[in-house]
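A structural walkthrough
Here is what each chain is made of, one letter per residue.
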Amino acid sequence: MDFDLGGKTDQLRKEVRKFALAEVVGKPYHTAMLEEESADEDWEFSLSISKKLAQKKWLCMNWPEQYGGLGASYWEQFVYSEEAGYYEIPGTSMGISGTGINGPSLMLFGSEEQKQKYLPLITSGDPDGIWCTAYSEPDSGSDYNKIKTIAVRSGDDYIINGQKVWTSCAHRARWCWLACKTDPTSNKIHKSMSIIIVDMKSPGITIRPLINLSGIHSFNEVYFDNVRVPASNLVGEENKGFYMLIPALAIERLSLAPHVLGTGRRMLELLVHYARENTHRGKPLSNDPVVRHKLAERALELETLRLFGLEIMWKMSIGKMPGYEAARNKLYCNIVTDNMARTGLEILGANSQISPESRWAKLRGRCQNLYMVNMGWFSAAGTMEIQKNVIGQFKLGLPRAY
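This section reports on the structure supplied with the text. For clarity, every value in this text was computed on a predicted model and none was experimentally measured. The residue numbers shown here count from 1 along each chain, following its written sequence. Totals for whole chains, interfaces and linings use every residue, but because this is a predicted model, local features are given only for residues with pLDDT of at least 70 and side-chain atom pairs only at 80 or more, for both listing and counting. Working from all heavy atoms in the structure, the side-chain values ignore hydrogens and water.

Strands qualify as paired when DSSP identifies two bridges or more between them. Helix numbering and strand numbering both begin at the N terminus, where a helix is a DSSP run of H or I of at least 4 residues and a strand a DSSP run of E of at least 2. Here strand S6 (residues 205–211) runs beside strand S7 (residues 217–230); their pairing, made up of seven bridges, is antiparallel. Bridging from a neighbouring strand, Ile211 pairs with His217 of S7. The turn linking S6 back onto S7 is made up of five residues, and Gly215 within it adopts a positive phi angle of 85°.

Before going further, it helps to examine the pattern of salt bridges. Salt bridge, as used here, is a side-chain nitrogen of Lys or Arg placed within 4 Å of a carboxyl oxygen of Asp or Glu. According to the stated counting rule, one finds 22 salt bridges in the structure shown. A salt bridge links Arg366 to Glu88; its shortest N-O distance comes to 3.0 Å. Of this pair, Arg366 sits in helix H10 (residues 366–377) while Glu88 sits in the loop between helix H3 (74–87) and helix H4 (102–109), and the two are 278 residues apart along the sequence. Grouping residues by exposure puts Arg366 and Glu88 together as buried. Put simply, Arg13, Arg17, Glu82, Glu83 and Arg265 are held in one network by salt bridges that share partners. Note on classification: 1.4 Å probe, protein chains only; a residue is buried when its accessible area is under 20% of the maximum for its type, exposed when over 50%, partly exposed between these limits.

Aromatic ring pairs: the centre-centre distance and the angle between the two ring planes describe each pair. Here a pair means two rings of Phe, Tyr or Trp (six-membered ring of Trp) with centres within 6.5 Å. Their orientation is stacked below 30 degrees between planes, edge-to-face above 60, and tilted elsewhere. For the structure on display, the rule yields ten aromatic pairs. Pairing Phe242 with Tyr243 gives two aromatic rings, centres 5.9 Å apart and planes at 85°, and the pair type is edge-to-face. Among the aromatic side chains, those forming a connected cluster through ring pairs are Phe19, Trp58 and Tyr80. Sitting over the face of the ring of Trp175, Arg174 holds its NZ or CZ atom 4.9 Å from the ring centroid. Charge over a ring is defined by NZ of Lys or CZ of Arg lying within 6 Å of the ring centre and within 35 degrees of the ring normal. One cation-aromatic arrangement involves Arg266 over Tyr86; the distance from NZ or CZ to the ring centre is 5.5 Å.

So, in structure tokens, the structure goes:
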């Protein structure tokens, strides 16, 4: 494996840092770990940053130039995402513009008309380029055979009824990438599921917030009551949506590692600084061997995550499509963030009991927030158990678990 990222990535890293220091760092907004979607003032700030990223063509830099990107290399995209995670630059992930999932999926499976209509809205950072992804239901998480949301063809339209849950950014999104059944007579999901684009302003849609443990509004319940959608919003072939869902999930999982790496680097640096500057029983925390070993373990995990992410970039750069590696990276991202949060809480001690919103909170409450956000993060893009099943089947050659 050749991980020589080259001079272009070094220059890009410097440019992203310069942008972040000028536009994001020190601003009184919350933009880390899904926070950008919650409060109105944070969302407006995030939209303004998204516009500036779009003007630089960074928002979708690895997209082909014909769709508004820069045609940047996988290495450049990795560096950009890592620095965006480190500096908490909003507008770079699934919520704003759907850059990480829906746009790439449309490029793979959408009609030319759909590409011309939706992709420019995404690359421009326009509010009408905001997407949400609706897969999970109350009785159907990773088991898509249990999907009950139904779209019935009626002339030139589909009429949609059902309920989705844990839908990130649904309260901000203009468009929804919806997984639903279009053949209710079939029990085989690979023969009955379709992907349909739904305008979130359509009559019959109700959105209810799901507030997480840290008070962040990112997830939602979404209800569809006789929602009428043009049949032209069908993506690909009817009843063939399952074959689009798997690559779309892989795209989502592939995009996580560099962002989590950047976020983790920032958190580790803050904890190292805290350990150096604070004492316990008259001695610097950094002198405590337990603290030192914990921080060293977190550093090793981040370096492992970096290598996992770069391995995927390398394979894609030589034309190899990763398989189980996407599930491995998502699983390991969960492990890294959970261990980082727990180590942070242990180092902060009693200070970790302070509300993240309090002016007395240490490190701006980042450790508490990360720990509580992880509860939902573990299930996003597929639970940890699902990722292990994928690794077991496609890497270890074990029998299917479903």
